[in-house]
Amino acid sequence: MTMTLYGLPGACSMAPHIVMEELGLDYELVLCDRDKLNTPEHLAVNPMAQVPSLVTDDGLLTESVAILIHLAEKDGKGGLMPPPGSWERGQMMMRMLFLASQEHPAFGLWLRPFRWLDDGDEQGRLKAAAEKRFAVCFQRLEGWLEGRDWLIGDHMTLADTLAFVHARWGLRMDPPTTEYPNIWRFAKNMAEVPSVQRAMEQEGVRLNADP
Ligand SMILES: N[C@@H](CCC(=O)N[C@@H](CS)C(=O)NCC(=O)O)C(=O)O
C-alpha cells in the first residue's frame, strides 16, 4: 500500500505526518506550494484548496481528524488511541475535535481574515475577535494539561499531535503560548519526541519558528 501525504510546513498536516513517523509507516510526503493550492492539480487532491490530503491505493482522504484516525486504526496496535468504548477514547475524541473544530478555525480566521472579508477595517475586527477566541480555546487546553504530560493517559495519542501543532501556532498570538505554562511545558516535551523531531526536521520547522 502506497500513501502520499500532502502538507504545508508546520500546518495541521504536521499532525498526521508525526503519526506516520511514530507508526513507522511507508509513505511519501509532498510539501505543497501555498500559492498553488488553488490549481487544478491540487484541487484534485483537496477540493477545498487546503492540506492535509492523504492519497492511498484505496482513494483520497481529506480532513485532518479523519486522516489521523484512519492511520491509527490501520496500524491496529492501539498505541495512539485508547480502546473503543473506553472513557479515555471519548475524552480523546472530544479534545481532538475541539482542537480541529474550535481552536483551528480561530487561528485560520486570525491568519487569513482576507479569505472571508474584503474590507480592511472589517478584517482587523475579525482578526481581533479570532485572537480572543483562540485565547479562550487555549485557556481550556491549558486546564486539560494541568499536572499532565499528555492530554490523555500516560503516552502520546492523536490529540497530542494536533495540540502540539497548535502550540507552535500560538507562539504568534497575543498572549503567546509561552504565557500558558502547561501548554508551553507540553510543547517543549513534545518537541523532544523522536517522531515529532523527525517530522519537524523534514518540514524545516522548529518549535520557536513561525508556523
Ligand atoms: N478542516 C480541515 C482544515 C484544513 C486547513 O485549514 N488547512 C490549512 C492549513 S492548517 C490550509 O490548508 N491552509 C492553506 C490556505 O488556507 O491557504 C482539516 O482539518 O483538515
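Residues numbered from 1 in each chain as written. Predicted model: local features only at pLDDT ≥ 70, side-chain atom pairs only at ≥ 80, totals over all residues.

### Some thoughts on the site of the ligand
Then, number 1: Taken together, 13 residues sit near the ligand, with Ala 11, Cys 12, Gln 50, Val 51 and Ser 64 positioned nearest.
Then, number 2: Grouping the constituent residues of the shell around the ligand by class yields 7 nonpolar, 3 polar and 3 charged.
Then, number 3: Formed jointly, the shell around the ligand draws a minimum of three residues from each of two domains, domain 1 (3-75) and domain 2 (87-193). (Near = placed C-beta within 6 Å. Nonpolar A, V, L, I, M, F, W, Y, C, P; charged D, E, K, R; others polar. Domains from an automatic or database assignment.)

### Description of the sheet that holds strand S4 (residues 59-62)
Then, number 1: Across the sheet, 4 strands lie side by side as S2-S1-S3-S4; this open sheet has mixed pairing. Here the strands that pair on one side only, and so sit at the sheet edges, are strand S2 (28-31) and S4. Going across the sheet, the axis of each strand differs from the next one's by a mean of 20°, ignoring polarity.
Then, number 2: In the sheet, strand S1 (residues 3-7) pairs with S2 via 4 bridges, with the strands oriented parallel. The residue bridging Tyr 6 from the neighbouring strand is Val 30, located in S2.
Then, number 3: Each of S1, S2 and strand S3 (53-56) is contacted by helix H1 (residues 14-23), which is oriented at about 145° to S1, the strand it contacts most. (Pairing = 2+ DSSP bridges. Helix = DSSP H or I, 4+ residues; strand = E, 2+ residues; numbered from the N terminus. Axes fitted to C-alpha atoms, helices over the stretch in contact; angles between N-to-C directions. Contact = placed C-beta atoms within 7 Å.)

### A look at the nonpolar core
Then, number 1: Val 19, Leu 158, Ala 159 and Ala 163 are the most contacted members of the largest nonpolar core, which totals 55 residues.
Then, number 2: Listed by contribution, the elements that provide at least two residues to this core are S1, H1, helix H3 (64-75), helix H4 (87-111), helix H5 (120-144), helix H6 (158-169), helix H7 (181-190) and helix H8 (194-203).
Then, number 3: Both of domain 1 (3-75) and domain 2 (87-193) provide at least three residues apiece to this core.
Then, number 4: For Val 19, the contacting residues outside a window of four places in its chain are Leu 68, Leu 71, Ala 72, Leu 80, Leu 158 and Thr 161. (Core = buried A, V, L, I, M, F, W, Y, C linked by C-beta atoms within 7 Å. Buried ≥ 20, exposed ≤ 12 C-beta atoms within 10 Å, placed from the backbone.)

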